[in-house]
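For reference, the chains in residue letters:
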Amino acid sequence: MTTSISVIPAEQFDQASAWHLLNRVGYGGTPSQVRELQALGLDKAVDHLVDYAQIDVSHLPGVELDPDVMRKLTQDERKRYQTARREGNQDVLDEQRRFNLQARQADQKMMNELRRWWFDRMVATPRPAEDRLTLFWHGHFASSWRSVRDTYLMYQQHQMLRDNANGNFTDLARGIVRDPAMLKYLNNNQNNKRKPNENLARELMELFTLGVGHYTEEDIKAGARALTGYHIDDNDFIFRQGQHDATEKTILGKQGTFDGDDFVDILLRQDSCSKFVAAKLYDAFVADVGDVYENVPAENRKVIDQIAAELEKNNFEIKPVLAKLFKSQHFHSADIVGKKIKDPTQLTVGTMRNLGLPTRDRSLIEKGMGAMGQVLFEPPTVDGWDGGRSWINTSTLFVRQNLTTYLVSNKHPAKKTKKKNLNIGYDPQSWLAQTDDKSPKSVTDFMIDHLVGPHTPAARRAPAHQFVASREDGDQMTNETLVALACLITAMPEYQLC
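Residues numbered from 1 in each chain as written. Predicted model: local features only at pLDDT ≥ 70, side-chain atom pairs only at ≥ 80, totals over all residues. Heavy atoms only, no water.

K.L.:
Could you give an account of the pattern of salt bridges, with specific residues and numbers?
P.N.:
Following the criterion strictly, the structure yields 30 salt bridges and no others. Taking the shortest distance from any N to any O, the salt bridge between arginine 174 and aspartate 265 comes out at 2.6 Å. On the criterion of sequence distance, the pair formed by arginine 174 in helix α9 (residues 169-176) and aspartate 265 in helix α13 (residues 260-268) is long-range, its members being 91 residues apart. Judged by relative accessible area, which is 30%, arginine 174 ranks as partly exposed. Across the pair arginine 202 and glutamate 217 runs a salt bridge whose closest N-O atoms are separated by 3.2 Å. In this pair, arginine 202 sits in helix α11 (residues 199-209) while glutamate 217 sits in helix α12 (residues 217-226), placing the two residues 15 residues apart along the sequence. (Salt bridge = Lys/Arg side-chain N within 4 Å of Asp/Glu carboxyl O. Helix = DSSP H or I, 4+ residues; strand = E, 2+ residues; numbered from the N terminus. Buried < 20%, exposed > 50% of the residue type's maximum accessible area, 1.4 Å probe, protein only.)

K.L.:
Can you lay out helix α19 (residues 394-409) for me, pointing to particular residues and giving the numbers?
P.N.:
Three or four residues apart is the spacing at which side chains of an α-helix point the same way, because the helix has 3.6 residues per turn. Along its 16 residues, α19 runs 23 Å from first to last C-alpha, staying within 8% of the 22 Å computed at 1.5 Å per residue. All of the buried residues in α19 are Thr396, Val399, Arg400, Leu403, Thr404, Tyr406, Leu407, Val408 and Ser409. Sitting at the amino-terminal end of α19 is asparagine 393, which places a side-chain oxygen 2.9 Å from the backbone nitrogen of serine 395. (Expected span 1.5 Å × (residues − 1). Polar contact = N/O pair within 3.5 Å; in protein donor to acceptor, adjacent residues only side chain to side chain.)

K.L.:
Describe the domain arrangement of the chain, with residues and values.
P.N.:
Partitioning the chain into structural domains gives domain 1 (9-51) and domain 2 (344-496). Contacts between the two partners involve 12 residues from domain 1, matched on the other side by 17 residues from domain 2. Summed over both partners, the interface of domain 1 with domain 2 comes to about 1,100 Å²; 57% of that surface belongs to carbon and sulfur atoms. Together, Trp19, Tyr27 and Pro31 form the three largest contributors to the area buried by domain 1 at its contact with domain 2, with a combined 58%. Summed over the shared surface of domain 1 and domain 2, the result is zero salt bridges. (Domains from an automatic or database assignment. Contact = heavy atoms within 4.5 Å. Buried area = accessible area lost by both parts, 1.4 Å probe.)

K.L.:
Could you give me a rundown of the environment of phenylalanine 263, with the residues and numbers involved?
P.N.:
Its place among the elements puts phenylalanine 263 in helix α13. Along the primary structure phenylalanine 263 and valine 7 are separated by 256 residues, whereas in three dimensions their C-alpha atoms are 36 Å apart. The residues touching phenylalanine 263, leaving out its near neighbours within four places in the chain, are Ala201, Leu204, Met205, Gly223, Ala226, Leu227 and Ile251.

K.L.:
Help me get a handle on the pairing of strand β2 (residues 236-239), residues and values and all.
P.N.:
Where a strand is regular, its side chains alternate between the two sheet faces. Here strand β1 (residues 230-233) pairs with β2 via four bridges, running antiparallel. Counterpart to isoleucine 232 in the pairing with β2 is phenylalanine 237. In textbook terms, the turn of a hairpin is the stretch between consecutive antiparallel strands, and for β1 and β2 this stretch comprises two residues, one of which, aspartate 234, has a positive phi near 60°. (Pairing = 2+ DSSP bridges.)

K.L.:
With reference to specific residues and values, describe the packing of aromatic side chains.
P.N.:
Counted under the stated rule, the structure contains 15 aromatic pairs. When the centroid spacing of 6.1 Å and the interplanar angle of 45° are considered together, the rings of tyrosine 152 and tyrosine 155 count as tilted. Taken together, the positions of tyrosine 152 and tyrosine 155, both in helix α8 (residues 151-163) and three residues apart, correspond to about one turn of that helix. Note on tyrosine 152: relative accessible area 19%, which makes it buried. Relative to phenylalanine 446, the ring of tryptophan 431 lies with its centre 6.1 Å away and its plane at 75°, an arrangement referred to as edge-to-face. Of this pair, tryptophan 431 sits in helix α20 (residues 430-433) while phenylalanine 446 sits in helix α21 (residues 440-451), and the two are 15 residues apart along the sequence. A connected cluster of aromatic rings, assembled from ring pairs, spans Phe136, Trp137, Phe141, Phe169, Phe208, Phe285, Phe316, Phe326 and Phe331. Over the ring of tyrosine 293 we find arginine 301; its NZ or CZ atom is 5.7 Å from the centre of that ring. A cation sits over an aromatic face here: lysine 342 above tyrosine 495, 3.6 Å from the ring centre. (Phe/Tyr/Trp six-rings, centres within 6.5 Å; stacked < 30°, edge-to-face > 60°. Lys NZ or Arg CZ within 6 Å of the ring centre and 35° of its normal.)

K.L.:
Any chance you could break down the packing of α9 against α13 for me, citing the residues and the numbers?
P.N.:
Interaxial distance between α9 and α13 falls to 10 Å at its minimum, and their mutual angle equals 140°. The orientation of α9 relative to α13 falls into the category oblique. Pair α9 / α13 crosses with right-handed handedness. Each of Phe169, Thr170, Ala173 and Arg174 in α9 lies in contact with α13, whose residues at this interface are Asp261, Val264, Asp265 and Leu268. Across the contact of α9 with α13, the residue classes tally to four nonpolar, one polar and three charged. (Axes fitted to C-alpha atoms, helices over the stretch in contact; angles between N-to-C directions. Parallel < 35°, antiparallel > 145°, perpendicular 65-115°, else oblique. Left-handed = near helix turned anticlockwise from the far one by under 90°. Nonpolar A, V, L, I, M, F, W, Y, C, P; charged D, E, K, R; others polar.)

K.L.:
Lay out the environment of cysteine 498 with the relevant residues and their values.
P.N.:
Relative to the assigned elements, cysteine 498 resides in the segment after α23 (479-490). According to the relative accessible area criterion, cysteine 498 is buried, its value standing at 2%. In this structure, the C-alpha to C-alpha distance between cysteine 498 and aspartate 120, residues 378 residues apart in sequence, is 22 Å. With sequence-adjacent residues up to four places away left out, cysteine 498 is seen in contact with Asn23, Arg24, Ile336, Val337, Gly338, Lys339, Lys340, Lys342 and Gln346.

K.L.:
So what about the side chain of glutamine 346? Which residues, and what values?
P.N.:
Looking at the secondary structure, you find glutamine 346 in helix α17 (residues 344-355). Glutamine 346 sits in the buried class, given a relative accessible area of 7%. Among the polar contacts listed, one links the side chain of glutamine 346 to the backbone oxygen of asparagine 23, at a separation of 3.1 Å. Contact partners of glutamine 346, with chain neighbours within four places excluded, come to Asn23, Arg24, Tyr27, Arg132, Ile341, Thr351 and Cys498.

K.L.:
Residue-level account of the nonpolar core, with values.
P.N.:
Of all hydrophobic cores here, the largest spans 144 residues; its most connected members are Leu21, Trp137, Phe141, Phe169, Phe263 and Phe326. For this core, the element with the most residues is helix α14 (residues 271-285), which contributes eight residues. Looking at which domains feed residues into this core, each of domain 1 (9-51) and domain 2 (344-496) gives three or more. (Core = buried A, V, L, I, M, F, W, Y, C linked by side-chain atoms within 4.5 Å.)

Set out below in structure tokens:
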């Protein structure tokens, strides 16, 4: 395995390299999009994906959310409710319960709208790396709507992660200690100088910046004191000076009257921070080796060390580090291409982008993604999703294959239909238009190249060729054959990888 992150020669950036880049950094794309990316050349192709701010997305629909669905009670409402509790006024208490129930139901509906907006945006966006990075940070700085119970706060966090997705890690870390959803998720609203709450300080060190073993319990206690008074007021962050512990603290050997920003700055100056973040990026975009630096195989760790050095050299700017990585010999080597397991979002969004599929039933897609273990805005724990091999087991593999078949064929996996000509919403003959050789064998190879990868060996292509040969289409493949072939290819074990 080459561990070099030197740039590959420009002439080596062929169509297969562009396909690999688009699949890993974005969510894949149609054959014409792969060709357009290759035509840019390596430097411009990577810059196009990673430095995406100049790409216009004003045509993409936004999402309208009511910030007051889970509003806090007014002072008069609180007094009325407290009086009713003291006096046992059941009518007022029942009225309050109905109000709370209606608010929770409205918030659930709003979360469903938010999830569908994000999924649709991932399918349609001309900035796929922006959404891949936003999802990555969502899993890194993980909080869940199931605990926060406020869709608007989750949306604000999403926008903060999106705005800084390819920016500076310092801004992300500083942003998360002021993020209302995270403050609520980790109970920092209860963190005051009389009774410090250690939840946010502990996760900030263990899961967001340093990793286990790089701090002490005393550092956690001091860090919690630095974060006292970092509270929320309805939908906003508020620093309550009176609740803040402004006395001297010692954190990781540094002494001072630190606040939350000082705490973050101390963490980012630790040697372990750059390696921690580099391991996370490597696990997400390069190879499924786990994101705990100390547990990564030695050869992969050599690459992570170089990424960490780039992070330090660039003062934790993410964009130049990713650009360096995505142009590297290691990233484009045979040991990396086609070896990474797609997460459920990548599988689902990628299938729709790769085949240019139209909108399908969102409730079925959401149900399928939940069964595969990834619900947007609901990471299972503050540690995010485990990723890698955890995505695949006998149960999820069945769901993954059923869902891609549904996306391609528009056939409900649990329902039988007598229709011969289903409305699949796209023209499968478009595959033929993209190849000079229209023979069934050539078209089959073209589809495998695009959906599974040009590296697919002949032996693994054989079942698809045998299937096409068994059809009685002659030299002109029918719509039914093309759709069935796409379903067969997306059911290959190799399609689970990218």
